[in-house]
Each structure stands twice: as structure tokens, then as C-alpha cells.
Amino acid sequence: MSEENGNNLKSIKIGDKYYVKVDERVKEFHRLYSNGRIVTEHHVLGDSGSFAFITVTTVTPDVSQPERFFTGMGQETEGSSQVNQRSALENCETSSVGRALGFLDIGLIPGSG
């Protein structure tokens, strides 16, 4: 692990870029926003063996100001990768949470895309 910034959070190197894992972003969110909320909705499309999952996460830094929120979306198809063989919905949710927190500028590393 590295301490290459993303708001000074622990990061890992994937390829030639650094990435802050979503669990680190969630911890930072709770540290910074004690009155905040993370809510994820999920939708399932398709048939067994080929489900597509769509998640929408809404991050509200201060529930007393609900008009200020950030959203992230994720989409995964059951069986489309090794992790999606058994955890497609969890993978999808993690992606949407990470994106929503990124829009709040938690865990973003300049130049990492």
C-alpha cells in the first residue's frame, strides 16, 4: 500500500495508477460527515444466470441539508467476470458507492482517472 494522496488516504497501485479502495472512502466519509448518510438502491433485470444489477447510491454529507447530495451508479452482469460469478450485486454496489463518494471528492487521486 501507498500513501499517494486521495485526500491522504491509503491507496493501492493498479496498473500504473493509484486507487483508494471504497472501504477507505467510506471510513473517511463517516469521519468527515458525522451527520451524513449513504443510501443505495438496487434494481435487478433479466433471468437467473444472466441477471444485470444496477445500483444507485446517494451520498448526503449533512442530512439537515438534503438538497446537497451526490449520486453514483453501477452496473454489473452476473457471471461477466470472476468476481461477478458470485458477488455481482456486491461489486455493483461497491462501484456506485465509490463513484458517489468520488463526486464528493473523497478518495480521488489527481491524474488517476
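Quick caveat: nothing in here was measured; it's all calculated off a predicted structure.

**Focus on helix 2 (residues 88-103)**
So, step 1. Here helix 2 contains 16 residues, and its C-alpha end-to-end distance of 23 Å stays within 8% of the 22 Å for a straight helix at 1.5 Å per residue.
So, step 2. Turning to helix 2, its buried residues are Ala-88, Cys-92, Ser-96, Val-97, Gly-98, Ala-100, Leu-101 and Gly-102.
So, step 3. Elements that come into contact with the buried residues of helix 2 comprise helix 1 (22-32), strand 3 (37-45), strand 4 (52-60) and strand 5 (70-77).

**Some remarks on the confidence of the model for the chain**
So, step 1. Mean pLDDT over the chain works out to 89, with 92% of the residues at or above the 70 mark.
So, step 2. Per-residue pLDDT stays below 50 along residues 1-5; that stretch engages in 16 contacts with residues further than four places along the chain or on separate chains.

**Thoughts on the packing of aromatic side chains**
Within a pair of aromatic rings, the relevant descriptors are the distance that separates the centres and the angle that separates the planes.
So, step 1. Counting across every chain of the model gives 2 aromatic pairs.
So, step 2. An angle of 45° between the planes, with centres 6.2 Å apart, marks the rings of Phe-51 and Phe-53 as tilted.
So, step 3. A relative accessible area of 10% places Phe-53 in the buried class.

**A few points about the side chain of Thr-60**
So, step 1. Of note, Thr-60 is situated in strand 4.
So, step 2. The residues contacting Thr-60, other than those within four sequence positions of it, are Phe-29, Gly-36, Arg-37, Gln-65, Pro-66, Arg-68 and Phe-69.

**Regarding the environment of Val-56**
So, step 1. The topology assignment puts Val-56 in strand 4.
So, step 2. Given the relative accessible area of 22%, Val-56 is considered partly exposed.
So, step 3. Note: C-alpha distance between Val-56 and Thr-40 (16 residues apart in sequence) is 5.6 Å.
So, step 4. Every residue in contact with Val-56, bar those within four places of it in the chain, is listed here: Val-39, Thr-40, Glu-41, Gly-72, Met-73 and Ser-96.

Basis of the calculations
- Residues numbered from 1 in each chain as written.
- Predicted model: local features only at pLDDT ≥ 70, side-chain atom pairs only at ≥ 80, totals over all residues.
- Heavy atoms only, no water.
- Helix = DSSP H or I, 4+ residues; strand = E, 2+ residues; numbered from the N terminus.
- Expected span 1.5 Å × (residues − 1).
- Buried < 20%, exposed > 50% of the residue type's maximum accessible area, 1.4 Å probe, protein only.
- Contact = heavy atoms within 4.5 Å.
- pLDDT = per-residue confidence, 0-100.
- Phe/Tyr/Trp six-rings, centres within 6.5 Å; stacked < 30°, edge-to-face > 60°.

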